[in-house]
Amino acid sequence: MEISTEQARNVMQSPRSPSSQPYLSASVTDPVKLGNGVQAYISYRVITKTNLPEYQGPEKIVIRRYSDFVWLRDRLFEKFKGVFVPPLPEKSAVEKFRFSAEFIEMRRAALDIFVNRIASHPELQHSEDLRTFLQADEETMERFRFQETGIFNKKPADFMQMFRDVQSKVSDAVLGKEKPVEETTPEYEKLKHYIFELENHLAEAQKHAYRLVKRHRELGQSLLDFGKAVKLLGACEGEPTGKLFSDLGTKSELVSIKLQKEAQQVLMNFEEPLKDYVRYVQSIKATITERATAFKQHCELAETTKLKEINLDKLMLTRSDKVGEAEIEYREIKAESEEATIRFERIVKRMNEEIVRFQEQRMEEMGVAFHQFAKGQARLANGIADAWRALLPKLEAASSA
Amino acid sequence: MMGSENDENSLTSKEDMSNLFLHDDPLTRTNVNGSHNLSPPPIIITPADSDPLSTTNPPNSNIEPPPFYADVIFSSFDDNNASDDYYIPHSSDDYIKITVSSPKKEQETERSMLSSGGSYVTYLITTRTNLPEYKGTDFTVRRRFRDVVTLADRLAEAYRGFCIPPRPDKSVVESQVMQRQEFVEQRRVALEKYLCRLGAHPVIRCSDELKIFLQVEGKLPLKMGTDVPGEGGGGGSVVEVAQPVRGGRDLFRVFKELRQTVSNDWGGAKPGVVEEDKEFLERKEKMHDLEKEIINASQQAETLVKAQQDMGETMGELGLAFIKLTKFDNEEAVFNSQRARANDMKNLATAAVKASRFYRELNSQTVKHLDTLHDYLGVMMAVQGAFADRSSALLTLQMLLSEVSSLEGRAEKLEAASAKVFGGDKSRVKKIEELKETIKATEDAKNVAIRDYERIKENNRSEVERLDRERRADFLNMMKGFVVNQVGYAEKMANVWTKVAEETCLYNRDSS
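What you are looking at is a predicted structure, and each value in this text was computed from that prediction instead of being measured. (Residues numbered from 1 in each chain as written. Chains lettered and ligands numbered in written order. Predicted model: local features only at pLDDT ≥ 70, side-chain atom pairs only at ≥ 80, totals over all residues. Heavy atoms only, no water.)

The number of helices and strands found in chain A is 9 helices and 3 strands. Along chain A, from the amino end to the carboxyl end, the secondary structure elements read β-β-β-α-α-α-α-α-α-α-α-α. Classification of the 401 residues of chain A by burial places 47% in the buried group. Carbon together with sulfur atoms contributes 56% to the accessible area of chain A, which is approximately 20,400 Å² in total. (Helix = DSSP H or I, 4+ residues; strand = E, 2+ residues; numbered from the N terminus. Buried < 20%, exposed > 50% of the residue type's maximum accessible area, 1.4 Å probe, protein only. Areas by Shrake-Rupley, 256 points an atom, 1.4 Å probe, with all protein chains shown as cover.)

Next up, the structure:
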């Protein structure tokens, strides 16, 4: 049901481009808390603007919740193997934090990025599941969501697959078969190694970025407390010391506010993108696993096909009456094998394209994050300098008095 | 003052700010009470053996003076005036500079009730001064902590009513711990601070006790403990009061013990003391409030310093993580586009590391300035001591007054009774005579106590006045220093980050 990459149109994102050009853009807005107690959740508005004929009109607004996004991601992951499906923000959060304004906003922003990345991906943007997600009414969406968890019950499937993998590895070892079930081309090895190492580096950078946010907050808090203490001290002193302490305290409190503001900015514009890329790399690792599975299947089926062929030839030579059955089996296996090979090769092709896209996207988005961070720090530092500087004339006047 | 290095006096020009703390900054010096101790104290290279300061040499011979003003070794500061920290310019050129160094382990030689028979640590005390009261300019002695306790006790005796800086704590620990390096180093620093504060006190710096402590080599010739009631004054010589007869001496001991039990707190009247001086009570309460707020501010200052330090550390770690990531992307690059863009990351990383360094430098300076708060905790303790001296002197006086009046009452009764007996009552008359002698002695003691009390009140007053003045100046300096540093380093950081923002401006996506 997918449109092959060769046929994919270059769909544009901006609705302001000439109307002859196809465009698709979506945004996630207006988080609203619904429900009560344990069952409370956040719902979001998803607004789609498009001129694509597959869609129901130039603009559509639907209401979606987090598990709908999860459904979309799972579907895309299943159907577009080899594509680096964009990551979702984490599900669980510390209970009391789950509905704080900051957390809700961060999640909304992350979901917005998620949908936009899909809408701008040359393959994913044509997905039927995406259309369902962007257009179906809430009841239909809910039905889809509940249905699919049955059939595409990913988690048990994952376990089953892992179990089968282990089984086959064990039996291979036991039987002394030395099947090369892993790709070992040098380029692919390099790529895998790169991805795994990249995750470590990004995770470390993210860790320090998160700590830096905390440090901003702690410094802000300490300046607030210091300001208060200094004001109290000023209240005990005569002039001019008393007034100066009071001014010092006020400035300290002001600087504290600037730090708290910047802390939030660093969190949203610097730490979150880093975290997002850690998740992205983890998603790539999942794709690597898919590729390994596909490779294994392709190898095993090719092997099995060969065996069946040999068997068929043998049977044909002996003019056995099992030939007919064997031939059917052989054709079936051969078809499966060819499909498995096609699937594998498609994954390889996709991954090659994806890695290029990913790197460019990463450099671009990281560049934006760095720029924001530097601007924020400069703004903060200038604000702090200005605030303290305002005290100097009075201090100077007092010392020369 | 501040504009002396620049032509323009304007403080608000930005260039001045950035450069301000690059020059010798008089703001970080204190001109009055006390050394502001840096976290890294100066290292004085005065080997104990080849000591050019030995007082066996004539003071003005051609000896190379020891490097008192040696640069602070740990410093990575832009402004390096740490060596001036213990320089206390009082009025014109009077100075006294005291350093404590070269801790050495020594053995107890004589056995006495007081020695543990083990070993102890001595410290080299080096003094340089131009005060005329010290006949000489450079002195070196070795002292142990016990000597410092003695000095402190004698000063407390002799200078009642004065705000005497509190000495470092005795630590009740085992002798092994006593000699462990960190402890010894901590104590060395504390001793130096203490002696410098003594040297900063306008009256105590010229006291006999301090002079003896700093100059007389060998065993410290100050009596340990106190068994003679002292009467100190400007000159500081211990003058013995005319010994009162039996009863009087007992009373003195009682009062001395009472004084020692006056606990160190501001709380209400001591049992028996009737303080009626409203002004004094008000001042005492104010001091109490001030102390409370200084304690609080000092604690918050510590938290602030820690937060600045943490910020610097984490910023540095972030920078390093990005440098590693840059390196990795460059080495493992699968595509050339990565290499080109990796430069942006490197610029950010370098900026973060620079910012980290700035935070660390800012923090060292902040510690220096906010240390003033910590120093004033010691000052408040000294004030407590001074006020306690006054309360106990008043108590002594009041008890003597009541003693006199009760003795006189007894004398009256005896006389009345004796008068009833015709021809006199030999035993009673004798008693009356003895009683009258006691009354006279007690009266004398009372007069001494009055003079004591008045003197102590005056000491209190002048000390509090001096303290208020010095405190105002010190706090002002502290604020200035703190603020100037915050401005300067914030500007430095702004420059660094602005540059990175410009370098990455092609990534500017929004209007903000």
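Resuming the write-up.
What follows deals with the confidence of the model for chain A. Residue and element names in this part refer to chain A. Per-residue pLDDT for chain A has a mean of 86; in total, 85% of the residues score no lower than 70. Per-element confidence in chain A is highest for helix α6 (residues 186-236), whose mean pLDDT is 95, and lowest for helix α5 (residues 154-175), whose mean pLDDT is 53. With pLDDT under 50 throughout, residues 1-9 is counted as low confidence; its partners more than four residues away or in other chains account for 15 contacts. (pLDDT = per-residue confidence, 0-100. Contact = heavy atoms within 4.5 Å.)

All right, on to empty space enclosed by the protein then. Under the criterion given, the structure shown has 6 cavities of 30 Å³ or more. As a volume, the largest cavity reaches approximately 180 Å³. In terms of lining, the largest cavity is formed by 18 residues, of which the most central are Ile 384 of chain A together with Tyr 359, Leu 362, Gln 486 and Met 493 of chain B. Mapped by element, the contributors of at least two residues to the lining of the largest cavity are α6, α7 (241-317) and α8 (323-389) of chain A together with α7 (278-331), α8 (336-420) and α9 (426-503) of chain B. Across the lining of the largest cavity, the residue classes tally to 15 nonpolar, 3 polar and no charged. (1 Å grid on protein atoms, 1.4 Å probe; cavity = no way out; pocket = protein on both sides within 12 Å on 5 of 7 lines; lining within 4 Å. Points joined across faces, edges and corners; volume = space filled by probe spheres on them. Nonpolar A, V, L, I, M, F, W, Y, C, P; charged D, E, K, R; others polar.)

Spanning 20 residues, helix α4 (residues 181-200) of chain B covers 28 Å between terminal C-alpha atoms, matching the ideal 28 Å at 1.5 Å per step. Most of α4 of chain B sits out of view: 14 of its 20 residues are buried. (Expected span 1.5 Å × (residues − 1).)

Sheet strands associate in pairs through backbone hydrogen bonding, adopting either a parallel or an antiparallel arrangement. Residue and element names in this part refer to chain B. One open sheet holds the 3 strands; their spatial order is β1-β2-β3, and the pairing between them is antiparallel. Strands at the two margins of the open sheet, each flanked by one partner only, are β1 (96-107) and β3 (138-144). Direction aside, neighbouring strands of the sheet carry axes that sit 20° apart on average. Relative to strand β2 (residues 119-129), β1 is paired through 10 bridges, and the arrangement is antiparallel. Within β2, the residue paired with Lys 97 across the bridge is Arg 128. (Pairing = 2+ DSSP bridges. Axes fitted to C-alpha atoms, helices over the stretch in contact; angles between N-to-C directions.)

Evaluation of the coordinates by the stated rule reveals 57 salt bridges over all chains. Notably, a salt bridge pairs Glu 338 of chain A with Lys 334 of chain A, separated by 3.9 Å at the nearest N-O pair. With a gap of 4 residues between them, Glu 338 of chain A and Lys 334 of chain A both fall in helix α8, about one helical turn apart. Using a relative accessible area of 44% as the deciding quantity, one classes Glu 338 of chain A as partly exposed. For Lys 334 of chain A, a relative accessible area of 35% translates into the label partly exposed. Across the salt bridge formed by Glu 458 of chain B and Arg 461 of chain B, the nearest N and O atoms sit 2.9 Å from each other. Taken together, the positions of Glu 458 of chain B and Arg 461 of chain B, both in helix α9 and 3 residues apart, correspond to about one turn of that helix. For Arg 461 of chain B, a relative accessible area of 38% puts it in the partly exposed group. It is possible to trace a salt-bridge network through shared partners that takes in Arg 215 and Glu 218 of chain A together with Lys 306 and Asp 310 of chain B. (Salt bridge = Lys/Arg side-chain N within 4 Å of Asp/Glu carboxyl O.)

This next bit is on the packing of aromatic side chains. On inspection of all chains with the given rule, the structure shows 23 aromatic pairs over all chains. For the pair Phe 69 of chain A and Phe 114 of chain A, a centre-to-centre distance of 6.2 Å together with 55° between the ring planes defines the contact as tilted. Placement of Phe 69 of chain A in helix α1 (residues 66-79) and of Phe 114 of chain A in helix α2 (residues 101-119) is noted, with a sequence separation of 45 residues between them. An aromatic cluster of three or more residues is present, and its members are Phe 270, Phe 370 and Phe 373 of chain A together with Phe 322 and Trp 497 of chain B. For Arg 107 of chain A, the ring lying beneath its charged end belongs to Tyr 66 of chain A, and the centroid distance is 4.2 Å. The ring of Tyr 188 of chain A has Arg 291 of chain A sitting right over it, with the charged end atom 3.6 Å from the ring centre. (Phe/Tyr/Trp six-rings, centres within 6.5 Å; stacked < 30°, edge-to-face > 60°. Lys NZ or Arg CZ within 6 Å of the ring centre and 35° of its normal.)

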